[in-house]
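Topology and contacts: notes
Each chain, letter by letter, is given below.
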Amino acid sequence: MEVKTEQFSEVAKEELRKAYTFLKAGATFVRIRRETALSTFPDAAAAQAYGAIIRAEAIARLPELLEEFEKNALSNGAKMFWARDANEASQYIVRLAKERGIKYVTKGKSMVTEEIGLNEALEKNGVKTWETDLGEFIIQLLGVPPFHIVGPAMNIPVAKVRDLFMEKIDLKEPTSDPVQLGHAARIFLRDKFHRVDMGIAGVNMAVAETGTIVNVENEGNIRFNKSSPRTQISVMSLEKVVPTLEDALHLVRLLCRNCTGQKLSVYVSMDNGPKKSDEIDGPEELIIVIVDNGRSRIYQDTIAREAMRCIRCGACLNGCPVYRQIGGYAYGWVYSGPMGQVLNPLLLGLEKTQDLYRATTLCGSCKSICPAGIDHPSLFLHYRAKDVSGDAALRAKKTPMMERIFFRLWMWAVTRYRLWNWGVRFVRPFVNKEAHGGMLREVGGLFKGWFRSRDLPAMAKKTFHDRWIEAQKTEFRSQKSEATTEKI
Amino acid sequence: MKQSARDEILNKLKAAPRKTIPSRSERPVLRELSLTPEELIETFSKNLSQEAGIVHRVKDRREALEKLSQIAKEEGLKKVIATTDDVIASLDLAAWGKENDVRVMTPQDFDSRDSFKDAVFEEADAGITGADFAVAESGTLGLIHNKDQARLTSLAPILHVAIVPVERMVAVYEQVIEKVFGEKKNLPSQFCFITGPSMTADIRGVPFKGMHGPRKVIVILVGE
Amino acid sequence: MDVVSVFIPCTVDLFLPHIGEATVSLLRRVGVKPIYHMGQTCCGQPAINAGYREQAKKAAKHFIQVFGDDEEVVSPSGSCVCMVKYHYPELLSEEPQWRNRAEELSLRIHELSQYLVDILKVEDLGASFGGKVAYHESCHILRGLGVSEQPKKLIRAVKGAQLVPLNAADACCGFGGEFANRYPDISESMVRDKAGDYLSSGADLLLLCEPGCLLNIGGFLSRNHPGKKVMHLASFLAHYQETGNNGQ
């Protein structure tokens, strides 16, 4: 997928003009659904905390769990391909398709396949790709990026979907009924499922102890992609591995409740290798593609690697006050919202994603919601610190000289209170130059962002520090005079 | 010699600094574990109904077939595809089909994947299956897929009817996992949890059933 | 008499000193002796938020030197208290002696409403206000410190005051320090929503416990809805005293 992370501010501005009221209205609805679903646990906080421990362990034991998963998946009869980067992964899949004379593939929603640009690689090599998740299908036909990681087309007006379907999938009768439109998509894609020879899906969890691949979905398209064709390709980013099946199911409980407020998604399918010889459907070959694409590099950083705990539930998007304003496009790549703000910088490098970990108020909603226990605000601060230190591993961008000088001076003053207070007195007349009636209104320069829509109180003529000293003096004087009075 | 991608990736991961593995607290216990068998059935039915699944409770095999006849009439079923798992096999659907003027196909009728797919995608008005488990915690069916439980039977037709003996009701997923995966070998090629009809809300958050999978799921629970 | 050390955030010191005075006044009202260490400057939040960890460490050490011997430290700012409680031990994790001092201090530092209600067990500060008030739940106070009931208890104890619900009370107001200046479009949209929720709550006054939020929401109201006021809870309680002994 094209990287537009450097256009964050422009795109955000454009998106704000659209005033996504449905996001704000939807936020309450989604929040209640999530909280209601979590309350089905006797102790929701404990359930969430347990999910965090599972994912923390999975990341801590990553290499050994991957080896265990591979061993068991291979003994189940699956094939495995390890890909260092996007190019290796997508070229391998292209080769598989060409070798098998595949004309088209059907795909389930898989963000890692967007990461590796799989669809483009296949199309370039004469293999048609059909996204089959309804939301992904719509955005594929429209040629737009996903708006939300769970509901990629949720912002597309019904009229636009109608026009799109009339143009591209032979919808005969115009209708503004989402159900009718969905039905038209069902009919169109059903034909693709029927005759498909190679199905591609992502992986929600890869279970180390049994070599099992777990997929979670509501529509049924992933089950079709896995069971109808002769070849199943399951693409996973390497952090998807979990220790045991019980762990996987606990996470699935959390995933479904956090994501859509369901106890369980309609279909949870678990694959252990290809079909047996006497089965009439199911894949004759199951090929698992494990994608690194920078993750083994990220793994070297013991703080940043925790971002890989993410189970893609999307709850952080729903709870984010910034996402709620701007929607998904501004984040500029595969992953959006807070999880995109922690992942995109690691995968693309800090230099290209400067805004992603700065366009946050550090409000902590994401952290409080996350069933994997990711501390997004701390990760944002970690990346900012990497920019200051100019860390090469994360491809940081060194902060501007003026800022570095400012903080050097700031540090001097903050540790020397007399210097600090003197600095305040020195700076005040400049700051308060434009003050009227105790308020600053029209200030340009570095702070024009604030002053465009907000006033600021002028710097106090007497700081608290000054007032305290004065109050002490007054008290001392009055104590003194009392004493003198008493004497008399 | 150049390292394989696999070795390169794994070696990089192994070379990274180690972090302590967090110690596990007790896995949180679920309420359903303390329910009686009757309460489990009630909970299962309630949960599945909430997801627009339809649940019928019948006493025995005979009543199950009667219920099936009723469904066939209501839904106007002409041709169905059935599995050959132990539950369905014990019902003699071939005979039932003759009595109810419904053509009952099974995967064994077809000599190839393609001809089976034609039938299940284009001809079958319904898929009739047994189920290996019914899980109360979410109104979920558990299906082990093998030659007697073809995958597409419960997925492609617009209606899925599942006939489930109540002895197969369990409280939570872990009990299923233990039975299916406990030995860690001889694993089925695929195991599925199914909770109600297929659905989506991808167009403006408007939910509807029957996106790609069945639009309707009917579960007939058999037994006292 | 209990002595408590007052930590006045730099935002309050420089722009909102009356909040500091109100804090001191309230503490005296409840029979505590507030002391103010001259050496305090800033908790270091601006540095850590900008990624300047070395500089933040220096600020942290200075802070610990200044406040390290106090039995209790109280501050009218949740974000600063969070900084000390949660960031200091992590910042100083590689220097065991400093980290230990930071961890000890983290047990003894409190946000003002938390100190009054949980530690002093006081809810009625003798204030009275005949009108409706709404309360904005600041992010660091709510999610960082878990403080939500305490300010509301203090508000409910105010004679005549009616605490009305505020839609999306715990939604971020869009301050976020540098965020407000760097991403003004988004910040503006957030504070506009917050102001809108305030206006439609029917409250006569909006209360909060975070100086940053006060500058943000107050600044927006001043420019766009001049009649509508927002106050820090400390200022409110100190100002609307029953006995007519007004705050500064």
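Cut-offs applied
Residues numbered from 1 in each chain as written. Chains lettered and ligands numbered in written order. Predicted model: local features only at pLDDT ≥ 70, side-chain atom pairs only at ≥ 80, totals over all residues. Helix = DSSP H or I, 4+ residues; strand = E, 2+ residues; numbered from the N terminus. Rg over C-alpha atoms; globule rule 2.2 N^0.38 Å. Buried ≥ 20, exposed ≤ 12 C-beta atoms within 10 Å, placed from the backbone. Contact = placed C-beta atoms within 7 Å. Axes fitted to C-alpha atoms, helices over the stretch in contact; angles between N-to-C directions. Parallel < 35°, antiparallel > 145°, perpendicular 65-115°, else oblique. pLDDT = per-residue confidence, 0-100. Pairing = 2+ DSSP bridges. Expected span 1.5 Å × (residues − 1). Arc of directions from axis to C-beta. Nonpolar A, V, L, I, M, F, W, Y, C, P; charged D, E, K, R; others polar. Core = buried A, V, L, I, M, F, W, Y, C linked by C-beta atoms within 7 Å.

What chain C contains, in helices and strands, is 13 helices and eight strands. Since a compact globule built from 248 residues should have a radius of gyration of about 18 Å, the 18 Å found for chain C is in line with a globular shape. Dimensions of chain C, computed from the C-alpha atoms along their principal axes, are close to 50 × 50 × 25 Å. When each of the 248 residues of chain C is scored for burial, the buried share is 59%.

The top pair by number of contacts, from a total of two pairs of chains in contact, is chains A and B. A gap remains between chain B and chain C, which never touch, and the nearest two C-alpha atoms on either side lie 16 Å apart.

Now for unusual backbone geometry. Glycine aside, residues mostly have negative phi angles, and peptide bonds mostly take the trans form. Residues and elements named next belong to chain B. One non-glycine residue, Ala52, lies in positive phi territory at about 70°. Mapped onto the fold, Ala52 is located in the loop between helix H2 (37-50) and strand E1 (54-58). Ala52 sits in the partly exposed class, given 14 other C-beta atoms within 10 Å. Positive phi values are uncommon outside glycine, yet Asp101 reaches one of about 55°. Along the polypeptide, Asp101 turns up in the loop between helix H5 (93-100) and strand E3 (103-105). Look at Asp101 and you get exposed, because 10 C-beta atoms sit within 10 Å.

Below, the discussion takes up the packing of helix H7 (residues 112-119) of chain C against helix H9 (residues 149-156) of chain C. Residues and elements named next belong to chain C. Interhelical geometry of H7 versus H9 gives an angle of 75° and a closest axis separation of 8 Å. The orientation of H7 relative to H9 falls into the category roughly perpendicular. Of the residues in H9, those in contact with Ser113, Gln114, Leu116, Val117 and Asp118 of H7 are Gln150, Pro151, Lys153 and Leu154.

Our next topic: the confidence of the model for chain C. If pLDDT is low for a region, its predicted coordinates should not be looked at in detail. When the pLDDT values of chain C are averaged, the result is 96; 98% of them are 70 or greater. Predicted complex metrics record ipTM = 0.98 and pTM = 0.96.

Looking now at the sheet that holds strand E8 (residues 169-170) of chain B. If you trace the eight strands from one edge of the open sheet to the other, you get E8(A)-E5(A)-E6(A)-E9(A)-E9(B)-E6(B)-E5(B)-E8(B), paired in mixed fashion. The open sheet is flanked by strand E8 (241-242) of chain A together with E8 of chain B, the only strands paired with a single partner. The sheet contact formed by strand E5 (residues 133-135) of chain B and strand E6 (residues 140-145) of chain B spans three bridges and is antiparallel. Bridge pairing in E6(B) places B:Phe133 opposite B:Gly142. Relative to strand E6 (residues 212-217) of chain A, helix H12 (residues 245-260) of chain A is tilted by about 15°, and along the sheet it contacts strand E5 (205-207), E6, E8 and strand E9 (267-271) of chain A.

Let's shift gears to helix H19 (residues 401-414) of chain A. Residue and element names in this part refer to chain A. With 14 residues, H19 extends 20 Å from end C-alpha to end C-alpha; this agrees with the ideal 20 Å at 1.5 Å per step. Listing the buried residues of H19 in full gives Phe407, Trp410, Met411 and Val414. Along the axis of H19, the buried positions cluster into a sector of 100°, meaning they face one direction only. Opposite its buried face, H19 presents the exposed residues Met401, Met402, Ile405 and Arg408, each directed more than 90 degrees away.

To continue, consider the environment of C:Gly212. Residue and element names in this part refer to chain C. Looking at the secondary structure, you find Gly212 in helix H12 (residues 211-224). For the pair Gly212 and Ser77, spaced 135 residues apart in sequence, the C-alpha to C-alpha distance is 8.4 Å. The contacts of Gly212, once residues within four sequence positions are left out, are Thr11, Ser79, Phe175 and Gly177.

For the rest of this paragraph, the subject is the interface of chain B and chain A. Tallying the contact residues gives 65 residues for chain B and 73 residues for chain A. Contributions of two or more residues to the side of chain B that touches chain A are made by helix H1 (5-15), helix H6 (113-123), E6, helix H7 (173-181), strand E9 (190-194) and strand E10 (199-200) of chain B. When residues in the side of chain B that touches chain A are grouped by element, the largest group, eight residues, is from H1(B). Taken together, the residues of the side of chain B that touches chain A sort by class into 32 nonpolar, 16 polar and 17 charged. Here E9(A) runs beside E9(B); their pairing, made up of five bridges, is antiparallel. Across the sheet, the residue bridging to A:Asp271 is B:Gln190, located in E9(B).

So, about H2(B). The α-helix winds at 3.6 residues per turn, so residues separated by three or four positions along the chain end up facing the same way. All names here are of chain B. Taking 1.5 Å of rise per residue, the 14 residues of H2 would be expected to cover 20 Å, and the 20 Å separating its terminal C-alpha atoms lies within 8% of that figure. Leu40, Thr43, Phe44, Ser45, Asn47 and Leu48 are the residues of H2 that are buried. Where H2 is buried, its residues contact E1, E5, E8 and strand E12 (216-222). At the exit of H2 stands Ala52, carrying a positive phi of roughly 70°.

Here we take up the nonpolar core. With 304 residues, the main nonpolar core has A:Val289, A:Val291, B:Val161 and C:Leu237 as its most contacted residues. In terms of residues, this core owes the most to one element, H12(A), which gives nine residues.

Moving on, we come to the environment of A:Asn155. Residue and element names in this part refer to chain A. Mapped onto the elements, Asn155 comes out in the loop between helix H8 (134-142) and helix H9 (158-168). Residue Asn155 is classed as buried on the basis of its 21 C-beta neighbours within 10 Å. C-alpha separation for the pair Asn155 and Glu285, spaced 130 residues apart in sequence, amounts to 38 Å.

To continue, consider the interface of chain A and chain C. Across the contact, 48 residues belong to chain A and 52 residues belong to chain C. Breaking the side of chain A that touches chain C down by element, the ones donating at least two residues are helix H1 (8-17), helix H15 (323-326), helix H18 (376-389), H19, helix H20 (417-431), helix H21 (448-451), strand E13 (456-457) and helix H22 (464-487) of chain A. Tallied by class, residues from the side of chain A that touches chain C come to 28 nonpolar, eleven polar and nine charged.

With that settled, the discussion passes to the sheet that holds E13(A). Residues and elements named next belong to chain A. An order of E11-E12-E13 is seen for the three strands of this open sheet, with the pairing classed as antiparallel. The outermost strands of the open sheet, each flanked by one partner alone, are strand E11 (435-436) and E13. Relative to strand E12 (residues 439-440), E11 runs antiparallel, the two being bridged by two bridges. Each bridged residue has a counterpart across the sheet, and for Ala435 the counterpart in E12 is Leu440.

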